[in-house]
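Listed below are the residues making up each chain.
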Amino acid sequence: MGSIQLQNVNKTFGGHAVIPDISLRIEDGEFIVFVGPSGCGKSTLLRLIAGLEDTSSGIIKLDDKDVTDTPPAKRQLSMVFQSYALYPHMTVRQNIAFPLKMAGMDKGLMDKKVADAARVLNLTDYLDRRPRMLSGGQRQRVAIGRAIVREPKAFLFDEPLSNLDASLRVAMRLEITELHQQLKTTMVYVTHDQVEAMTMADKIVVLNAGRIEQFGSPLELYRAPANRFVAGFIGSPRMNFVDGADAGKYSAHSIGVRPEHFALSRTAGTWKGTIGVAEQLGSETFLHVHTEGHGMMTIRTHDEDDYHHGDTVYLTPDANRIYRFDKAGLAA
Amino acid sequence: MARAVTPARKAGMTILAWLVALLIFFPILYTIITSFKTEGEAAAGFSLIPSGTIESYIEVFSQRDYFKPFFNSVIISVGSTILALLVAVPAAWAMAFSPTKRTRDVLMWMLSTKMMPAAGVLVPMYLIFLNTGMLDKLHGLVLILTLVNLPIVVWMLYTYFKEIPVDILEAARMDGATLPKELIYVLLPMAVPGIASTLLLNIILAWNEAFWTIRLTAVEAAPLTAFIASFSSPQGQFLAKLSAASTLAIAPILLLGWFSQKQLVRGLTFGAVK
Ligand SMILES: Nc1ncnc2c1ncn2[C@@H]1O[C@H](COP(=O)(O)OP(=O)(O)OP(=O)(O)O)[C@@H](O)[C@H]1O
Ligand SMILES: [Mg+2]
C-alpha cells in the first residue's frame, strides 16, 4: 500500500512562500510525475513528501496516516537523488544492503535480496566495487538498487536521469517504467523534461511557481490543457500562440495551435510566412516560419522535400484542434 | 593561467623553501644541539657543534622523574582530545548540516574566545579549581584543555563536514538510518581523514599547552611542560640541562608529528591537499 495525500501544504523559506498551498492525492500504485520549469518547487514538494523538509503548515498523509511530523527514516519511502548520493566509503554491495541493514534484517536474507536486486539491474559483476569506480549509468543503477531492495511504500525520484547522456536516458526511462509495471509500487518522479513526463506518467502534476496548474493523465494534458501555461509546457515542439483580432475570430482572447495541427500550402491559407530554419530529424521536420503579424511559428511536417529555407508558405490551422484561452489564460 | 616553471625558478623556490623551513625549525634544532653540550660549552656562546656528551641527560634523569610527567602529558593530551571530539562531533554536525540564522554567529563567538588572553581569566579559573578541588588533578587539566581547544576542534570538524554532500546524509535518512546510525555508519567513516588530522593536531596543541598546565599543577598532575619549567627557574642558567629536558619533552610529540605528517598537512590545509 502506498497512497500519498497532501492537504493544504505550505512551505515558506525565509518569508518566501515557495509552495503557497497545495492539496493533492496520489493513489496507491500510481506513477506520478511532477513537471515544471526550474525553480517552481518540484524538488521542494518531493522533499516535503520524503520528510527531508518540514512543512510550514498543512498535513501530509501516507496510507491515510498523518506523517507530517514523522522523520524521513520512519516513513518507509525510498528516494533516488539527482546526484545519486551513493555512500562513497561502501562497496556497491554495502550500498544496496544499507537500507536492509538499517531495518535490522538478518545477514542471509539480506545477501539474497542484494543478489536479486543486483541481478535485475545488471550489477552482479560490480558488487565489490566502490561507487567512484563506476560509470554514471552504473551509479544510477546502484541508486535504484538501493531503493528497490526493500519494499517501500513509495519511490521518490528527483531528476534521476538528468546526469546521463541522451541514449542512456532513454534506456533508463524504459527500465524505470518497466520496474514500475513489475513492482506496482507508487512512484513520484520529478523532472523538468516534458518528454519524460509524457512517456512515463500515469498522471502528471504540472507545477508553476509552487502551484498546481493541472493534474491529469498525459493525454488529458495534451488534449485539454487547463490553461495557456500547461498548453505551452506540454507538447514538443511548443504550441504556437496567436493573440488579437485573429484570436477574436474564434471568440477567444488568445488561441493556440500545436505544430502538428497545421495544413501547409504554397498558394493560399490563413497565415502567410517565410520559412526560416528547417530542422530535419529524418522522421519529421520542424519548420520555423516567420509569419506576417504573428511572429515565429513552428510547424511539424513530413513533406520535407517540398519546403526549404526562404520559401513562402501559407499556414492553415486545423479548426477542430484550436485551443481557445480567455483573458486570464484559462481554457475557454 | 599556467606559468612556465623554468628549472632555475624551480631550484630557487626549492632553496627558498628549505631556508624558510630551517629558519622555523632552527630554535628546536639548536635546543637539541645544546642538549649534547657541556654546561661550559653551552654558556660559551653560539656554536653548532656540540661535544656530544650526554651528561645533561644523565643529570636530568637523576634529578627528576621523567616518566610520571610523560604519562601525565599523555593522559591530559589524549584525554582532552577525545573529550573535545565527543562534544565537537555533534556540535559540528548540527552547524554544518542543520544551520540556523545564528550558526555563523556561534562559530564566530567560539573563535572569539581564543582571542582573549588566557591570563585574563587566570584568577577566576584558579579559584574555581581551588574550590572544586581540581588543582593539581589530572581530571581538572583534562577538563580545562578540552575547553581551551574545543573551539578549534569544532571549527576544524565543521570545515570538514561542510565538504560532505548533505545528499548523502539525506540518503541515509531515507534508507531508515536514525541519527546515531547516520553519524556512525555514514558521516564518521566519510570524515575519517578530517577527524584523524583534527585528533592529531589537537593532541599536539594539548601536549604543548603551557599556560594552564604549569599554573594549575604542582606535583601529582604536572605534565612535561611543567617538567621543563622546573629546570628553568630556580637553579639559574643551566642551558644544557634545560635543553636536554626540553628535548625529552618535545621528542615524543616530534616523533608523532613526523610519522603523521601526511594526515597533519591535510588537516592544516583543511583537505586542500588531496
Ligand atoms: N533551503 C532553501 N532555502 C531557501 N530557498 C529555497 C530552499 N530550497 C529551495 N528554495 C527555493 O525554492 C524554490 C523552489 O526550489 P526547488 O528546488 O523546489 O525547485 P525545482 O522545481 O526543483 O527546480 P529545478 O528544476 O531547478 O531543480 C526556488 O526558488 C529555490 O530558490
Ligand atoms: Mg529540483
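You'll find the structure just up there.
Residues numbered from 1 in each chain as written. Chains lettered and ligands numbered in written order. Predicted model: local features only at pLDDT ≥ 70, side-chain atom pairs only at ≥ 80, totals over all residues. Heavy atoms only, no water.

**Student:** Describe the environment of Thr-217 of chain B, listing the residues and the values that go with them.
**Tutor:** All names here are of chain B. Here Thr-217 lies in the loop between helix H11 (211–215) and helix H12 (224–232). Along the chain, Thr-217 and Ile-228 lie 11 residues apart, while their C-alpha atoms are 13 Å from each other. Every residue in contact with Thr-217, bar those within four places of it in the chain, is listed here: Asp-136, Leu-141, Ala-222, Pro-223 and Ala-226. A polar contact of 2.6 Å, which involves the side chain of Thr-217, links it to the backbone oxygen of Thr-213. (Helix = DSSP H or I, 4+ residues; strand = E, 2+ residues; numbered from the N terminus. Contact = heavy atoms within 4.5 Å. Polar contact = N/O pair within 3.5 Å; in protein donor to acceptor, adjacent residues only side chain to side chain.)

**Student:** I'd love a proper account of the site of ligand 1, names of residues and values included.
**Tutor:** All names here are of chain A. The immediate surroundings of ligand 1 are formed by Phe-13, Val-18, Ser-38, Gly-39, Cys-40, Gly-41, Lys-42, Ser-43, Thr-44 and Glu-159. Within the side chain of Lys-42, a nitrogen or oxygen atom sits 2.8 Å from an oxygen atom of ligand 1. The fraction of the free accessible surface of ligand 1 (630 Å²) that becomes covered by protein chains is 58%. Across the shell around ligand 1, the residue classes break down as three nonpolar, five polar and two charged. (Near = heavy atom within 4 Å. Areas by Shrake-Rupley, 256 points an atom, 1.4 Å probe, with all protein chains shown as cover. Nonpolar A, V, L, I, M, F, W, Y, C, P; charged D, E, K, R; others polar.)

**Student:** Please provide a residue-by-residue account of the packing of helix H4 (residues 136–148) of chain A against helix H5 (residues 166–183) of chain A, values included.
**Tutor:** Residue and element names in this part refer to chain A. With their axes 12 Å apart at the nearest point, H4 and H5 run at an angle of 15 degrees to one another. Here H4 is positioned roughly parallel relative to H5, judged by the angle of their axes. In the packing of H4 onto H5, the handedness of the crossing is right-handed. Taking contact as the criterion, the partners of Gly-137, Gln-140, Arg-141, Ile-144 and Ile-148 in H4 are, on H5, Leu-168, Met-172, Glu-175, Ile-176, Leu-179 and Leu-183. Looking at the contact of H4 with H5, its residues break down into seven nonpolar, two polar and two charged. (Axes fitted to C-alpha atoms, helices over the stretch in contact; angles between N-to-C directions. Parallel < 35°, antiparallel > 145°, perpendicular 65-115°, else oblique. Left-handed = near helix turned anticlockwise from the far one by under 90°.)

**Student:** Outline helix H3 (residues 55–63) of chain B, listing residues and values.
**Tutor:** Residues and elements named next belong to chain B. Among the residues of H3, Ser-56, Tyr-57 and Val-60 are the ones counted as buried. Each buried residue of H3 lies within a common arc of 100 degrees when the element is viewed along its axis, so the set occupies one face. Facing away from the buried surface of H3 by more than 90 degrees, the exposed residues are Ile-58 and Ser-62. Its buried side turned inward, H3 meets helix H1 (7–35), H12 and helix H13 (239–259). (Buried < 20%, exposed > 50% of the residue type's maximum accessible area, 1.4 Å probe, protein only. Arc of directions from axis to C-beta.)

**Student:** Give me the lowdown on the sheet that holds strand S8 (residues 186–191) of chain A, citing residues and values where you can.
**Tutor:** All names here are of chain A. Spatially, six strands are ordered S6-S7-S8-S3-S9-S10 in an open sheet, and the strand pairing comes out mixed. Each end of this open sheet is capped by a strand with a single partner; those strands are strand S6 (77–80) and strand S10 (211–216). Averaged over neighbouring strand pairs, the angle between their axes works out to 15 degrees when direction is ignored. Judged from the five bridges that link them, strand S7 (residues 154–158) and S8 form a sheet pairing that is parallel. Note that in S8 the partner of Leu-156 across the bridge is Val-188. In the packing of H4 onto the sheet, the strands contacted are S6 and S7, and the crossing angle to S6 comes to about 175 degrees. (Pairing = 2+ DSSP bridges.)

**Student:** Explain the environment of Glu-27 of chain A to me, and be specific about the residues and the numbers.
**Tutor:** Residues and elements named next belong to chain A. With respect to the helices and strands, the residue Glu-27 is situated in the loop between strand S2 (16–26) and strand S3 (31–35). Given a relative accessible area of 34%, Glu-27 falls into the partly exposed group. The spatial distance from the C-alpha of Glu-27 to the C-alpha of Asp-63 is 9.1 Å, given a sequence separation of 36 residues. Among the polar contacts made by the side chain of Glu-27, one reaches the side chain of Arg-25 at a distance of 2.9 Å.

**Student:** I'd like to hear about the packing of helix H4 (residues 67–97) of chain B against helix H10 (residues 192–208) of chain B, residue by residue, with values.
**Tutor:** Residues and elements named next belong to chain B. For the pair H4 and H10, the least separation of the axes is 9 Å and the interaxial angle reads 140 degrees. Between H4 and H10, the interaxial angle falls into the category oblique. Crossing geometry of H4 relative to H10 is assigned as right-handed. Contact with H4, carried on its side by Phe-70, Ser-73, Val-74, Ser-77, Val-78, Ser-80, Thr-81, Ala-84 and Leu-85, involves Ile-195, Thr-198, Leu-199, Asn-202, Ile-203, Ala-206 and Trp-207 of H10 and no other residues of that element. The class makeup of the residues in the contact of H4 with H10 is 10 nonpolar, six polar and no charged.

**Student:** Let's hear about the interface of chain B and chain A: which residues, and what values?
**Tutor:** Contacts between chain B and chain A engage 16 residues on the former and 23 residues on the latter. Overall, the association of chain B and chain A removes approximately 1700 Å² of surface from exposure, summing both partners, and the carbon and sulfur fraction of that is 65%. It is Met-174, Asp-175 and Tyr-185 of chain B that lose the most area in chain B upon contact with chain A, and together they represent 42% of the buried surface on that side. At the surface where chain B touches chain A, the tally comes to two salt bridges. Notably, a salt bridge pairs Arg-146 of chain A with Asp-175 of chain B, separated by 3.5 Å at the nearest N-O pair. Between chain B and chain A we count eight residue pairs in polar contact (both at pLDDT 80 or more) in total. Sorting the residues of the side of chain B that touches chain A by element identifies helix H8 (166–174) and helix H9 (179–190) of chain B as the ones contributing at least two each. Per-element accounting of the side of chain B that touches chain A gives the leading share, seven residues, to H8 of chain B. Of the residues that constitute the side of chain B that touches chain A, the class distribution is nine nonpolar, two polar and five charged. (Buried area = accessible area lost by both parts, 1.4 Å probe. Salt bridge = Lys/Arg side-chain N within 4 Å of Asp/Glu carboxyl O.)

**Student:** A description of the side chain of Thr-298 of chain A should follow, citing residues and the corresponding values.
**Tutor:** Its place among the elements puts Thr-298 of chain A in strand S16 (residues 295–301). Apart from residues no more than four positions distant in its own chain, Thr-298 of chain A is found in contact with Pro-237, Asn-240, Pro-259, Phe-262, Phe-286, Leu-287 and His-288 of chain A.

**Student:** Give a detailed account of the sheet that holds strand S1 (residues 4–13) of chain A, specifying residues and quantitative values.
**Tutor:** Residues and elements named next belong to chain A. Pairing is antiparallel across the open sheet formed by four strands, whose spatial order is S2-S1-S4-S5. Strands with a single pairing partner mark the edges of an open sheet, and in this sheet they are S2 and strand S5 (65–66). Bridge count for S1 against S2 is seven bridges, and the pairing is antiparallel. Bridging from a neighbouring strand, Ile-4 pairs with Ile-26 of S2. On the sheet, helix H1 (residues 42–50) packs against S1, S2 and strand S4 (57–62) and is oriented at approximately 120 degrees with respect to S1.

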